[in-house]
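Structure at a glance
Here is how the chains run, residue by residue.
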Amino acid sequence: MRGGTYPSHGNTTRRTVLVALIALVVLCAAAVMALYVTAARPPFSQSDPQFDGGDASRGKLVFAAGDCASCHATPGQSDRLKLGGGMALGSPFGTFRPPNISPDPVDGIGRWTAADLANALVGGVSPSGEHYYPSFPYTSFTGMTVGDIKDLYAYLRTLPAVSGRAPPHDPKILFMVRRSIGFWKLLFFRQGRPAADSGEISTRDRGAYLVETVLHCAECHSSRNAFGAIKSTTLFAGGIDPQGTGFVPNITQQRLRGWGEVDIATMLRTGETPNHGRVGSSMADVVTNTAMLPDSDRQAIARYVKALPAIATPHP
């Protein structure tokens, strides 16, 4: 076939090299973009003047409402204010251990500023610029006010320093790289909007703020998707215990229809239920804390919970 033309070997090689270079550029661009979008960005700067001051007496109430001692108290001792951390929290994604948040300057948060605490609670970002795993419920705490955060900071500084660091987390292999949490946040985290904020009841209401944000009730009383994020369709309708040890009950009107606001407020103060029972498991720890709140806060919580629309309990 003398009249035919054929691509030369040199042209083929050049095209192969060009395709390889384009693929390399695309991969590099994708890597740079991934690094950018998954970066941990603290919401507050260290020079932010709004963190000046703080009232430790008010912070004590924030500490109680946030149930901080239940997770961060050192296991194996009875003092709830020794916040050495270390309790093992099992989950489908690995075992996570709350850190030491005592004022110890080496092993705790003694060198943190109020802005550092705010970045952890609101943004899920550590002082070293790493993402926190969402086993730390910043997905709810993100709605906390600056006033509450700086009061909490002031109170934490009055507590005893505890030496010793908590053992490291033991996540499943897919979550061993902290940077991967950046992708999770892109999908499931909206900074400043608590996980339970459905928009149906104004978050300006005191009860809504306490239930959705500080008490982070939805973190236990809701079911989760395959990635561990709370399902908006089952808010407060109950779900498998985060540690897989049982089923947390539905607290919408589907189950609490027979409870009045007084019943709910009484349970939050004494642990007693209208049918002459008592709450147990982790809810007993919650009541230890809500009992410290003023009556007005328990009443606000009860009013908000009583207003939750009925949602069917999801299947375990």
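Report on the accompanying structure.

So, how was this worked out
- Residues numbered from 1 in each chain as written.
- Predicted model: local features only at pLDDT ≥ 70, side-chain atom pairs only at ≥ 80, totals over all residues.
- Heavy atoms only, no water.
- Helix = DSSP H or I, 4+ residues; strand = E, 2+ residues; numbered from the N terminus.
- Contact = heavy atoms within 4.5 Å.
- Pairing = 2+ DSSP bridges.
- Polar contact = N/O pair within 3.5 Å; in protein donor to acceptor, adjacent residues only side chain to side chain.
- Core = buried A, V, L, I, M, F, W, Y, C linked by side-chain atoms within 4.5 Å.
- Buried < 20%, exposed > 50% of the residue type's maximum accessible area, 1.4 Å probe, protein only.

**Quick word on the environment of Tyr155**
The topology assignment puts Tyr155 in helix H6 (residues 146–156). Ignoring any residue separated from it by four or fewer positions in sequence, one finds Tyr155 in contact with Ala56, Gly59, Lys60, Phe63 and Leu81.

**Let's talk about the sheet that holds strand S2 (residues 94–96)**
Pairing in this open sheet of three strands is antiparallel, and the strands run S1-S2-S3 from one edge to the other. Each edge of the open sheet is held by one strand with a lone partner, namely strand S1 (89–91) and strand S3 (170–171).

**Remarks on the environment of Ser57**
Topologically, Ser57 is positioned in helix H2 (residues 56–65). Taking the C-alpha atoms as reference points, Ser57 and Leu152, separated by 95 residues in sequence, lie 8.9 Å from one another. Among the polar contacts listed, one links the side chain of Ser57 to the side chain of Asp55, at a separation of 2.4 Å.

**Some points on the nonpolar core**
Burial of nonpolar side chains together is a common tendency in soluble globular proteins. Phe63, Leu156 and Phe236 are the most contacted members of the largest nonpolar core, which has 62 residues in total. The element best represented in this core is helix H4 (residues 114–123), accounting for seven residues. For Leu156, the contacting residues outside a window of four places in its chain are Phe63, Leu83, Ile101, Pro103, Ile109 and Leu117.

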